[in-house]
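# Architecture at a glance
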Amino acid sequence: MIPYLCTMKKHPQQVDGFSKWSKEEKIDWLAHQCFSSPTEAKALLTSYWHSDAKLQQLHDEFIENAVTNFYLPLGLAPNFVINGKNYVLPMVTEESSVVAAASHAAKFWAQRGGFHAEVIGTQKVGQVHFMYKGSAKKLEHFFNKIHPLLLADTDRITEKMKKRGGGITDISLVDKTADLPNYHQLHVCFETADAMGANFINSCLEQMAETFKREAQTFEAFDKSEKKIDVVMSILSNHVPNCRVRASVSCAIESLGSAGDALARRFVDAVRIAQVAPHRAVTHNKGIMNGIDAVAIATGNDFRAIEAGAHAYAAKSGAYSSLSEAWIKDDCFGFALELPLAVGTVGGLTQLHPLVRWSHELLGNPDVRTLMQIMAVAGLAQNFAAVRSLVTTGIQQGHMKMHLQNILNQLGANMEEKIALTEQFKTQTVSYAAVEQALQSWRKA
Ligand code: MEV
């Protein structure tokens, strides 16, 4: 059994200037503050340091107060055919069945024409939220007058982006006073080329807020109180319904196998249930995100932003619903997923993290539109695998099979025992209790 090295001894003291301490000082302090065996606690952290000091420093500098690396496996899902091209997807996840499920679905659909994917839009959004007590008409005049200046003042920020085909595509003034007294927005649309663009968008918005406040001071039609525009915040929105991608598959029902008819009908029913039942929809969409997040992490993308945007989109009708749809038409089975994906293939971690760079190369250094398609397909494949299991064998059979190695590790099985029990459980249902008992019997024998 893996020894549980570090049991909590007591709560740590409050500390000042922690971020200024050296990594060694932080680890030493922490080990003595929180762990019953400081030596073992320190040894565990340092054992995860990279032997290449430069590479370790690179990782340390990603975040504040880094003390070690936290490993997650990077797995490969081969045999994806997307718009006629072959891909091996890099997937970072801790969930044992995710990569296997993606691989199975990829192979299944490769034999049926592969996945199709198309980008519907790439528009990003940001807002300057401000309070203004005064005439809405005057505010509109003011906005129309300074509109060109709002753009001109961001020129130094947008110059490079414009060369790459991006920039600010629209600014509008939105009156939100019906929702909150005095509340208005500058709603700004962006194209960010191959970048996710968060820093670019936020810099543009902050500059616009400055221009807006500054110009209000000298706008003649405003009275004294109207000149005091109070900018509350300027920030991009992760709700990006117009930065959207669609992935789909379809095949003749007879090519689904001997029970193809029943499978297709149950599958469509399962997706319809997720469309109308929010409790089911959340889990259904979680299955989709199993695939998307895994590729997002491998490619250095912000999976929290992706998750937030996806779930907001899933609730666009006012009720939380499935992101995917399935249908039967003219003896064909069809299955599709549509969701917003604001991702990047340049900037952020993409050039910095060696494994992220590696993952991009594995995918053929895709541009942002291609990466959106790949990620949507990863989500659709994962959803297909989960729903197919749910409506046929049930999810646990596959899940527990993939979880077997984790159970064996938890029980401290050695290599010989692992080989024997893996063989035995090829034909037996996996559960923690069953594996524990089988291991005991094996050891006795
Ligand atoms: C588990 O991580 C994901 C599933 O629950 C998804 C689903 O129920 O569709 C299997």
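Predicted, not measured: the structure shown is a model, and the values here were computed from it. (Residues numbered from 1 in each chain as written. Predicted model: local features only at pLDDT ≥ 70, side-chain atom pairs only at ≥ 80, totals over all residues. Heavy atoms only, no water.)

With that settled, the discussion passes to the overall build of the chain. On a plain count of helices and strands, the chain comes out with 15 helices and 10 strands. With respect to the three principal axes, the spread of C-alpha positions in the chain is 95 × 70 × 40 Å. For the chain, the proportion of its 445 residues judged to be buried stands at 44%. Element-wise, carbon and sulfur atoms account for 54% of the exposed surface of the chain, whose accessible area totals about 23300 Å². (Helix = DSSP H or I, 4+ residues; strand = E, 2+ residues; numbered from the N terminus. Buried < 20%, exposed > 50% of the residue type's maximum accessible area, 1.4 Å probe, protein only. Areas by Shrake-Rupley, 256 points an atom, 1.4 Å probe, with all protein chains shown as cover.)

Sheet architecture is open: four strands sit in the order E3-E8-E10-E9, paired in antiparallel fashion. For this open sheet the edge positions go to strand E3 (116-119) and strand E9 (324-329), each flanked by a neighbour on one side alone. Within this sheet the neighbouring strands show an average axis-to-axis angle of 15°, counted without direction. The sheet contact formed by E9 and strand E10 (residues 332-340) spans six bridges and is antiparallel. When the bridges of E10 are listed, alanine 326 appears paired with phenylalanine 335. (Pairing = 2+ DSSP bridges. Axes fitted to C-alpha atoms, helices over the stretch in contact; angles between N-to-C directions.)

Before going further, it helps to examine the side chain of glutamate 338. Structurally, the position occupied by glutamate 338 is in strand E10. Within the local environment of glutamate 338, its side chain forms a polar contact with the side chain of arginine 244, the two groups lying 2.8 Å apart. One polar contact links glutamate 338 to arginine 246, side chain to side chain, over a distance of 3.0 Å. (Polar contact = N/O pair within 3.5 Å; in protein donor to acceptor, adjacent residues only side chain to side chain.)

The local shell around the ligand consists of Glu95, Arg280, Thr283, His284, Lys286, Gly287, Asn290, Ala386, Leu390 and Ile395. The contact in question runs from an oxygen atom of the ligand to an N or O atom on the side chain of glutamate 95, over 2.6 Å. Protein coverage of the free-state accessible area of the ligand, which is 300 Å², stands at 87%. Counting residues per element, the ones that place at least two in the shell around the ligand are helix H9 (278-298) and helix H12 (368-391). By residue number, the principal contributor to the shell around the ligand is H9, which donates six residues. Among the residues forming the shell around the ligand, the class breakdown is three nonpolar, four polar and three charged. (Near = heavy atom within 4 Å. Nonpolar A, V, L, I, M, F, W, Y, C, P; charged D, E, K, R; others polar.)

With that settled, the discussion passes to a nonpolar patch on the surface. The grouping of Leu74, Leu76, Leu355 and Trp358 at the surface amounts to a nonpolar patch, some 360 Å² of accessible area in total. Mapped onto the secondary structure, tryptophan 358 falls in helix H11 (residues 354-362). (Patch = residues over 30% accessible without salt bridge, like charges linked within 9 Å, V, L, I, M, F, W, Y side chains within 5 Å. Salt bridge = Lys/Arg side-chain N within 4 Å of Asp/Glu carboxyl O.)

Under the counting rule described, the total for this entry stands at 21 aromatic pairs. Each ring, one from phenylalanine 108 and one from tryptophan 109, has its centre 5.2 Å from the other, and the planes form 75°; the classification is edge-to-face. Of the two residues, phenylalanine 108 and tryptophan 109, neither departs from the other in class, the shared state being buried. These aromatic residues form a ring-pair network of at least three members: Phe108, Trp109, Phe267, Phe333, Phe335 and Phe384. One cation-aromatic arrangement involves lysine 23 over tryptophan 49; the distance from NZ or CZ to the ring centre is 4.0 Å. Here arginine 304 stacks its cationic end above the ring of phenylalanine 303, 4.6 Å away from the centre of that ring. (Phe/Tyr/Trp six-rings, centres within 6.5 Å; stacked < 30°, edge-to-face > 60°. Lys NZ or Arg CZ within 6 Å of the ring centre and 35° of its normal.)

We now examine the sheet that holds strand E7 (residues 230-237). Across the sheet, four strands lie side by side as E5-E6-E4-E7; this open sheet has antiparallel pairing. Bordering the open sheet on either side are strand E5 (167-175) and E7, each of which pairs with just one other strand. Taken over all neighbouring pairs, the strand axes of this sheet differ in orientation by 15° on average, direction set aside. Pairing of strand E4 (residues 124-131) with strand E6 (residues 183-191) involves eight bridges; the strand directions are antiparallel. The partner of valine 125 across the bridge, within E6, is cysteine 189. The strands touched by helix H5 (residues 136-152) within the sheet are E4, E5 and E6, with E5 carrying the most contacts at an inclination of about 170°. The strands that helix H7 (residues 198-217) touches are E4, E5, E6 and E7; relative to E7, the one it contacts most, it runs at about 160°. (Contact = heavy atoms within 4.5 Å.)

On to the nonpolar core, then. Here is a general trend for soluble globular proteins: nonpolar side chains tend to be buried in one another's company. Within the largest apolar cluster, 67 residues are counted, with the highest numbers of intra-cluster contacts made by Phe80, Leu89, Phe333 and Leu339. If we skip the residues at most four places from it in the chain, phenylalanine 80 touches Lys85, Asn86, Tyr87, Leu89, Ala102, Ala106, Phe115, Val377 and Ala381. Counting 29 residues, the second largest nonpolar core, distinct from the first, contains Phe142, Val188, Ala209 and Ala216. (Core = buried A, V, L, I, M, F, W, Y, C linked by side-chain atoms within 4.5 Å.)

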